Amino acid sequence: MFDQVGDASLPAHGLGRAGRARNSFWSKQRRDWAAAYVLIAPAAALLGYWFIYPIVETFVLSFQQVNLFHFSERNYVALQNFNQLWHDPAFHHSLYITLIFVIFVVPAQTLFAIFLAAVLHSVGVGKTLFRTAFFVPYMTSTVAVTTVFMKLFVSGGPLSDLAASVLRLPNTTWFAEPSYALPFLVIVYVYMYIGLYVVVFVSGIEDIPSDLFEAARVDGAGAVQQFRFVTVPSLRPFVIFVVVAGLIQAVQIFDQAYVIASSGTILGSPAGATATLVIFIYEQAFRLNDLGYGSAAAVVLLAIVFLGTLVTRRLLPERT
Amino acid sequence: MTSSRQRPGLKALKYLFLTVVGVAAIGPLLYALYTSLESPADYPRLVSPTHLTLWNYRYVLDNAPILRWYGNTLFVTAGVVIGAVVVNTMAGYVLARIRFPGRTISFVVVLAILMVPLQAILIPLYLLVAQLGWLNSYQSLIVPFMVNPFLIFLMRQSFSTLPVELEDAAAIDGAGRFRTFFTIAVPLTMSGIATQALLAGTWTWNSFMIPVTFSTDPNYYMLTVGLNSLQSQFYTLTTVQMAGVVFLAVPVVLMFVVFQRLIVPSFATAGIRG
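Since the model is a prediction, treat every value here as computed from it, not as a measurement.

Reading the values: rules and limits
Residues numbered from 1 in each chain as written. Chains lettered and ligands numbered in written order. Predicted model: local features only at pLDDT ≥ 70, side-chain atom pairs only at ≥ 80, totals over all residues. Helix = DSSP H or I, 4+ residues; strand = E, 2+ residues; numbered from the N terminus. Rg over C-alpha atoms; globule rule 2.2 N^0.38 Å. Buried ≥ 20, exposed ≤ 12 C-beta atoms within 10 Å, placed from the backbone. Contact = placed C-beta atoms within 7 Å. Nonpolar A, V, L, I, M, F, W, Y, C, P; charged D, E, K, R; others polar. Axes fitted to C-alpha atoms, helices over the stretch in contact; angles between N-to-C directions. Parallel < 35°, antiparallel > 145°, perpendicular 65-115°, else oblique. Left-handed = near helix turned anticlockwise from the far one by under 90°. Domains from an automatic or database assignment. pLDDT = per-residue confidence, 0-100. Expected span 1.5 Å × (residues − 1). Bend = angle between axes of the 7 residues up to and from the residue. Pairing = 2+ DSSP bridges. Core = buried A, V, L, I, M, F, W, Y, C linked by C-beta atoms within 7 Å.

## Quick notes on the overall build of chain B
Broken down by element type, chain B carries 13 helices and zero strands. Secondary structure elements of chain B occur, N-terminal to C-terminal, as α-α-α-α-α-α-α-α-α-α-α-α-α. Taking 2.2 N^0.38 as the reference for a compact globule, 274 residues should give roughly 19 Å; the C-alpha atoms of chain B span a radius of gyration of 23 Å, well beyond that estimate. In terms of overall dimensions, chain B has C-alpha extents of about 75 × 65 × 35 Å along its principal axes. Taking all 274 residues of chain B together, the buried fraction comes to 43%.

Written out as structure tokens, the structure is:
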């Protein structure tokens with residue numbers, strides 16, 4: 001490495017007394033260090049103030065009782081918030097809603113994305129065009145997408161009509177019906193995220209050596225068998241990533257649930273059907289003004305995300 | 001290539017499938033666009049293109065401070081993009097190129113913060129903003145988001161792919177680190193920097209949870225928050241709401257379509273590294 005070339009090569013440039021003085025204290029390496037600290041200082045300061053401190057503060061708050069409107073008065077209450085969570089039916093309900101949401105979202109988006117990626121990879125012309133189309137929803141504002149889907153799934157709306165005639169479901173306003181609001185949330189969410197995971201899988205498929213497909217073809221494998229016996233097994237690390245990252249992402253669902261709940265005025269509506277974990281945190285902190293209790297629930301969210309990340313690290317081969 | 005050997009029937013089937021999914025992907029946006037051009041009396045029937053009108057756009061401009069929200073959104077987005085490009089590019093370069101005491105721990109910290117969702121630290125963020133007196137302000141939506149662990153990571157990757165010899169040569173010619181950074185490394189990483197600017201811009205433009213929490217005064221709404229508030233204001237006027245959707249979504253979607261070659265690969269490569 002260049003850094004280690006160090007002082008030995010420098011005298012050619014740093015002739016004379018000034019040069020030698022610089023070498024002794026302001027050596028090449030030290031000047032490099034100084035440059036590093038100057039260039040990284042803004043990022044370090046901002047990360048420290050706006051990310052690291054709040055992470056620590058979330059834990060601190062979770063042991064305190066703090067009101068949103070008197071947040072300078074803080075009382076330590078030890079584990080009271082966690083104890084309360086343990087016994088709070090609303091919190092259990094939010095975990096249950098989040099679990100159901102994740103159970104439907106993750107397999108749906110993973111399977112559909114892997115299949116779509118395989119088909120996309122196998123065609124010649126038009127790949128970029130289709131990929132762009134698939135990715136558009138992920139680049140679109142969650143508020144915009146949710147607003148449009150609310151019109152599509154209103155009673156008598158185009159997709160409510162379609163679901164009624166094809167699947168014989170009641171023609172109803174999905175996001176206002178307790179038993180249809182969560183499926184509605186799943187549909188909106190999966191619609192937005194599939195394109196992202198298609199891109200991940202396509203890059204995975206491009207990594208598969210083409211002689212594997214060639215060999216399978218020579219052995220008489222058709223398109224379906226190639227998909228089953230070459231594509232899917234080779235994509236194992238990508239599948240693990242998409243499942244765990246998709247799970248971590250889905251657990252954080254907030255925007256869509258906020259928008260369908262009468263623009264956020266009655267969070268979790270209808271009747272708590274969309275009261276996800278983050279909606280619970282938000283409601284405790286910003287509707288019921290209980291910052292400590294909300295923070296305790298946020299610690300649970302952090303724990304879930306942390307566990308998920310550990311699992312990915314364990315299962316994935318080391319890559320750089 | 002796989003495609004040349006396929007039976008024509010299978011190939012046609014694949015294209016049919018991709019087309020159906022592609023139309024489904026952009027369908028909701030096209031629906032919003034079409035509906036926004038219908039007169040409220042015609043909705044929800046489909047009418048011939050000759051009956052289309054800009055009435056909804058005029059109505060929403062007259063009855064909601066859309067232009068103010070546009071201005072807010074543009075200003076906040078520009079602020080975040082400029083700040084992010086400066087802050088994350090410098091940090092990414094240091095982590096990619098300079099060996100200094102604390103480098104490993106710095107990188108580990110960046111990766112650790114990368115996995116922390118904003119949802120989990122929203123409460124302390126709100127307290128920080130409130131204590132600074134920054135509720136209902138532009139700076140609360142700009143300053144905290146000028147740094148982004150994902151973008152630091154992205155810039156580190158960009159700088160790592162540059163051949164180090166160019167910088168070595170500059171250094172041997174007597175250029176210090178700053179000169180090397182600004183005159184050699186940065187000009188060679190312009191596509192990475194552009195990608196970063198596009199991503200930061202898109203995320204800021206689309207962001208919702210932070211502005212809806214920090215801004216309660218309609219004068220400081222971002223477009224996303226404004227559009228959400230229109231839902232109740234124009235509850236019965238679907239066509240007007242769709243005009244709002246078009247205002248919000250179309251700039252980002254157009255930008256994405258134009259620059260997708262810069263944007264999409266960053267998700268593909270960053271994805272698996274998690």
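After that view of the structure, there is still more to cover.
## A few points about the overall build of chain A
In terms of regular secondary structure, chain A is built from 15 helices and two strands. Compactness check: chain A gives a C-alpha radius of gyration of 27 Å against a globular reference of 20 Å for 320 residues, more than 25% above the reference. Along the longest, intermediate and shortest principal axes, the C-alpha atoms of chain A span 90 × 75 × 30 Å. Within chain A, the fraction of its 320 residues that count as buried is 44%. Sequence-distant contacts in chain A: of pairs separated by 6 or more residues, those separated by 24 or more amount to 66%.

## What to know about the interface of chain B and chain A
Taken together, the contacts link 82 residues of chain B with 80 residues of chain A. The element contributing the most residues to the side of chain B that touches chain A is helix α13 (residues 238-273) of chain B, with 17 residues. Considered class by class, the residues forming the side of chain B that touches chain A number 55 nonpolar, 22 polar and five charged.

## Section: unusual backbone geometry
A cis amide bond, omega 5°, links A:Ser269 with the succeeding residue A:Pro270. In this fold, A:Pro270 is placed in the loop between α13 (255-260) and α14 (277-287). Of note in the backbone geometry, A:Ala78 takes a positive phi value of approximately 55° without being a glycine. When you line up the elements, A:Ala78 lands in the loop between β2 (70-76) and α4 (80-87). With phi around 55°, B:Asn136 is a residue other than glycine that occupies positive phi space. Relative to the helices and strands, B:Asn136 is located in the loop between α5 (118-131) and α6 (139-142).

## A word on the packing of α4(A) against helix α15 (residues 291-315) of chain A
Residue and element names in this part refer to chain A. Look at α4 against α15: their axes get within 9 Å of each other, and the N-to-C directions meet at 70°. Viewed along their axes, α4 and α15 adopt a mutual orientation that is roughly perpendicular. Both α4 and α15 take part in a crossing whose hand is right-handed. Between α4 and α15, the contacting residues are Asn81, Phe82, Gln84 and Leu85 on the first element and Gly292, Tyr293, Ala296 and Ala297 on the second.

## Quick notes on the domain arrangement of chain A
All names here are of chain A. When its domains are assigned, chain A resolves into domain 1 (2-62) and domain 2 (83-315). On a C-alpha basis, the centroid separation for the pair domain 1 and domain 2 is 42 Å. At the junction of the two partners, domain 1 supplies four residues and domain 2 supplies seven residues.

## Describing the confidence of the model for chain A
In low-pLDDT segments, the atomic positions of the prediction should not be examined closely. On average, residues of chain A score 88 in pLDDT, and 90% of them reach the 70 mark or higher. Contacts from residues 1-19 of chain A, a stretch scored under 50 in pLDDT, to residues over four places away or in other chains number 19 contacts.

## Describing helix α1 (residues 8-36) of chain B
Between its terminal C-alpha atoms α1(B) stretches 40 Å, which fits the 42 Å expected from 29 residues at 1.5 Å a residue. Bending of α1(B) peaks at approximately 45° at the position of B:Gly27, with proline B:Pro28 no more than four residues after it.

## So, the pairing of strand β1 (residues 64-67) of chain A
Taken residue by residue, a regular strand's side chains alternate between the two faces of the sheet. Of the pairings in the sheet, the one linking β1(A) to β2(A) comprises three bridges and is antiparallel in character. Within the sheet, the bridge partner assigned to A:Gln64 lies in β2(A) and is A:Tyr76.

## Structural notes on the packing of helix α10 (residues 210-218) of chain A against helix α11 (residues 223-234) of chain A
Residue and element names in this part refer to chain A. Orientation of α10 relative to α11, taken along the N-to-C sense of each, is 150°, at an axis distance of 10 Å. Considering the angle they form, α10 stands roughly antiparallel to α11. Here α10 and α11 pass one another in a crossing that is right-handed. Residues Leu212, Phe213 and Ala216 of α10 form the contact with α11, whose own contacting residues are Gln225, Gln226, Phe229, Val230 and Ser234.

## As for the nonpolar core
Residue and element names in this part refer to chain A. Among the nonpolar cores identified, the biggest contains 169 residues, and Tyr189, Val198, Phe201, Ala297 and Leu301 are the most heavily contacted of them. Looking at which element gives the most residues to this core, the answer is helix α9 (residues 178-207), with 20 residues. Viewed by domain, this core spans two of them, domain 1 (2-62) and domain 2 (83-315), each represented by three or more residues. Every residue in contact with Tyr189, bar those within four places of it in the chain, is listed here: Val105, Ala250, Ile253 and Gln256.

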